[in-house]
Amino acid sequence: MKFGVLATMIFTLMVGFPAFAGLAPDADSDGVPDVLDNCSGVANAAPINCDTDTDGYGNACDGDFDNDFDIDGTDFNPGFLSDFTGSGTDGGTGTDIDCDGDVDGTDFNPGFLNQFTGTGAPGPSGLGCAGTPPCS
C-alpha cells in the first residue's frame, strides 16, 4: 500500500513540472539571446554588443549615424566620412562599427557599405526600446 502512494506521489511530481524548454533563440549565434540582442541579425557580442549612441541598435547594424531611421547619404557624409578622414575615432555616433577603437576601412566595408546597400534601416534589435535613446 505504501508503495502505491509513493508511486503516485512520484508520478504527480514528474508530471507537475514542465520540461526544460531549451536555450533562448540566438539567430546570429553570438551568445546573446535575440530578446536581449541589440543587433540580432549580425554577430556582435564582443565587445559587449557596443552601442555608442545608446539607441538600442548595436554599432554592427546601425549605420544610421544621424538617427533618422534611414541609412543614406547623410550618414556617409558628414557622418562616417568626417570621423574616417578626421580623427579616425568615433565622434559618438557609432561610426566605429566593429568597436575596435578606430574608424577605418573595415568600418566602411563590410560595415557601413553592407548596411547602406542592405535594408537601409538600422537593426534588427531585440530590445523593445530600440530607436528611443537611451536604450540599453
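What counts as what
Residues numbered from 1 in each chain as written. Predicted model: local features only at pLDDT ≥ 70, side-chain atom pairs only at ≥ 80, totals over all residues. Heavy atoms only, no water. Helix = DSSP H or I, 4+ residues; strand = E, 2+ residues; numbered from the N terminus. Buried < 20%, exposed > 50% of the residue type's maximum accessible area, 1.4 Å probe, protein only. Contact = heavy atoms within 4.5 Å. Disulfide = S-S within 2.5 Å. Core = buried A, V, L, I, M, F, W, Y, C linked by side-chain atoms within 4.5 Å. Polar contact = N/O pair within 3.5 Å; in protein donor to acceptor, adjacent residues only side chain to side chain. Phe/Tyr/Trp six-rings, centres within 6.5 Å; stacked < 30°, edge-to-face > 60°.

A. Examining the overall build of the chain more closely. When its secondary structure is counted, the chain shows three helices and zero strands. Each helix and strand of the chain, ordered N terminal to C terminal, gives the series α-α-α. Scored against the burial criterion, the 136 residues of the chain give a buried share of 35%. In the chain, the share of contacts with a sequence separation of at least 24, taken over all contacts with a separation of at least 6, comes to 47%.

B. Quick peek at the state of the cysteines. As enumerated under the stated definition, the model contains three disulfides in all. Here C50 engages in a disulfide with C99; their sulfurs sit 1.4 Å apart. Taken together, the residues C50 in the loop between α1 (2-16) and α2 (73-85) and C99 in the loop between α2 and α3 (105-117) connect sequence positions 49 residues apart. A relative accessible area of 17% places C50 in the buried class. Between the sulfur atoms of C129 and its disulfide mate C135 the distance is 1.8 Å. One disulfide, between C129 and C135, carries an S-S torsion of 70° and so falls in the right-handed class. Overall, the relative accessible area of 29% leaves C129 in the partly exposed class. Within the chain, bonded cysteines paired by disulfides and numbered along the sequence follow the pattern 1-3, 2-4, 5-6.

C. Quick peek at the nonpolar core. If you look at the biggest cluster of nonpolar residues, it comprises six residues: F65, I71, F80, I97, V103 and F112. In contact with I97, not counting residues within four places along its chain, are N59, A60, F65, D107, G111, F112 and Q115.

D. The environment of T74, seen in detail. The residue T74 is located in helix α2 in this model. Judged by relative accessible area, which is 41%, T74 ranks as partly exposed. Along the sequence, T74 and D64 sit 10 residues apart, while their C-alpha atoms lie 8.9 Å from each other. Here T74 is in contact with D66 and G79, once residues within four sequence places are set aside. At a separation of 2.8 Å, a polar atom in the side chain of T74 contacts the side chain of D66. Only 2.7 Å separates the side chain of T74 from the side chain of D72, close enough to count as a polar contact.

E. Fine view of the packing of aromatic side chains. Under the definition given, this model contains nine aromatic pairs. Seen from their ring centres, F76 and F80 are 6.3 Å apart, and the 20° between their planes marks the pair as stacked. A residue pair is termed a helical-turn pair when its members lie 3 or 4 positions apart in one helix, as F76 and F80 do in helix α2 at four residues. When its relative accessible area of 29% is taken as the criterion, F76 is described as partly exposed. Using a relative accessible area of 1% as the deciding quantity, one classes F80 as buried. Linked through ring pairs, F65, F76, F80, F84, F108, F112 and F116 together constitute an aromatic cluster.

F. Structural context of the side chain of D28. Examined against the element boundaries, D28 turns out to sit in the loop between α1 and α2. With a relative accessible area of 12%, D28 lands in the buried category.

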